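Coordinate analysis (summary)
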Amino acid sequence: MKHIISPLDLTVNELDDLLELAGRIYRDPKRYCKVCDGKKLASLFYEPSTRTRLSFEAAMMNLGGNVLGFSSADSSSVTKGESIADTIKVISYYADICAMRHPKEGAPLVASQFSEIPIINAGDGGHNHPTQTLTDLLTIKEMKGGLNNLTIGVCGDLKFGRTVHSLINAMVRYEGIEFVMISPDELKIPEYLRHETLDNNNISYTETNILEDVLPKLDVLYMTRVQKERFFNEEDYIRLKDTFILDRKKMQYANDDMLVLHPLPRVNEIATEVDSDPRAAYFKQANYGVYLRMALIMTLLNLPEPTKEV
Ligand code: NCD
């Protein structure tokens, strides 16, 4: 049985297969509408979510399965002091697969050690968010034609943003990848990522706090919001939250085929006037998330490709 706790839980080959399957589902979703007949997804969300939770639920429903779960810690027995281990042992009797989001780093990993069913990490604190990253990879692959030889700018909260951490971890396995880290000094990438992931894999990267300067050389710009909920004091958040705002004027510096991605939710970091720019791909990215999660559920449940047309 396989769990997805980090994007590195899939080999590059497994990941290619997953993205291929997601692409097939995207092009012909109806064909897959019964593959999870009789199966249940437990969605255990101890932290707020819109896209991740609802796209997991939509994915399971699109596959013909059912969903059960909760969308806040307040409505679960954690308020009575129940441990993750006990919760997941019980959920294993109720569902076939589980997506879990938790504010504590490592909680889904703990759950996977006690679970009888596959666990998917749907975001653990400031650590990882593998299904967002798989969605990002699907979006880049579908819209840029591949995942090699790309210069990727990651902009905003590189310290607390789990989507950035997971994306960097996953992209260093491809060829010809260069990163440009765009952040205020206080929100640079964590040291462990710098040494263990970037330096150990000999990945070239530069760091800047001026977005306009680097825009012309990017193939992908990955914008992120400043992660308010992970700050220790509000003053710092207020001082840093609007450091980077991508607007129509700044987009003039970017190439015609640069993709703008954002895991969403957006706060102020992308002006709404950019939404109509053909390079703005963040809503499309959220759409790809459903197909990616359909493919992931099928893969973890070892469900074969449907043989007949439906
Ligand atoms: C992200 C998350 O939860 O980490 N959102 C998402 O799942 N799409 C990004 C964020 O909250 O900033």
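For the structure itself, consult the block above.
Every residue lining the ligand is accounted for by Thr-52, Arg-101, His-129, Gln-132, Arg-162, Thr-163, Arg-225, Gln-227, Pro-263, Leu-264 and Pro-265. Between the ligand and the protein, one listed contact pairs a nitrogen atom with a backbone N or O atom of Pro-263 at 2.9 Å. Across the complex, the protein chains shield 94% of the 310 Å² of accessible surface that the ligand would expose by itself.

Judged by nonpolar contacts, the single largest core of 61 residues is most densely connected at Leu-137, Ile-168, Met-171, Phe-179 and Ile-297. When residues of this core are assigned to their parent elements, the largest contribution, 10 residues, is made by helix 11 (residues 282–300). If we ignore the near neighbours within four places in the chain, the residues touching Ile-168 are Phe-179, Met-181, Ile-189, Leu-193, Thr-197 and Leu-198. Counting 20 residues, the second largest nonpolar core, distinct from the first, contains Ile-182, Leu-211, Val-260 and Ala-280.

Here we take up the pattern of salt bridges. When the charged atoms of two side chains with opposite charge come close together, those side chains can pair. As enumerated under the stated definition, the model contains 15 salt bridges in all. Between Glu-14 and Lys-2 there is a salt bridge whose closest N-O contact spans 3.6 Å. On the criterion of sequence distance, the pair formed by Glu-14 in helix 1 (residues 12–27) and Lys-2 in the segment before helix 1 is long-range, its members being 12 residues apart. Here Glu-14 falls in the partly exposed class, since its relative accessible area comes to 31%. In this structure, Arg-162 and Glu-47 form a salt bridge, with 3.2 Å as the shortest nitrogen-oxygen distance.

Spatial ordering of the open sheet is given by 2-1-3-4, a layout of four strands whose pairing is parallel. Both edges of this open sheet fall to strand 2 (66–70) and strand 4 (119–124), since each of them pairs with a single strand only. On average, adjacent strands in this sheet sit at an angle of 15° to one another, irrespective of strand direction. The sheet contact formed by strand 1 (residues 40–45) and strand 2 spans five bridges and is parallel. Opposite Ser-43, over in strand 2, you have Gly-69 as the bridge partner. Together, strand 1, strand 2, strand 3 (97–102) and strand 4 form the strand contacts of helix 3 (residues 84–94), whose direction differs from that of strand 1 by roughly 160°.

Rules used in this analysis
- Residues numbered from 1 in each chain as written.
- Predicted model: local features only at pLDDT ≥ 70, side-chain atom pairs only at ≥ 80, totals over all residues.
- Heavy atoms only, no water.
- Near = heavy atom within 4 Å.
- Polar contact = N/O pair within 3.5 Å; in protein donor to acceptor, adjacent residues only side chain to side chain.
- Areas by Shrake-Rupley, 256 points an atom, 1.4 Å probe, with all protein chains shown as cover.
- Core = buried A, V, L, I, M, F, W, Y, C linked by side-chain atoms within 4.5 Å.
- Buried < 20%, exposed > 50% of the residue type's maximum accessible area, 1.4 Å probe, protein only.
- Helix = DSSP H or I, 4+ residues; strand = E, 2+ residues; numbered from the N terminus.
- Contact = heavy atoms within 4.5 Å.
- Salt bridge = Lys/Arg side-chain N within 4 Å of Asp/Glu carboxyl O.
- Pairing = 2+ DSSP bridges.
- Axes fitted to C-alpha atoms, helices over the stretch in contact; angles between N-to-C directions.

What is shown is where atoms sit, not what they do.
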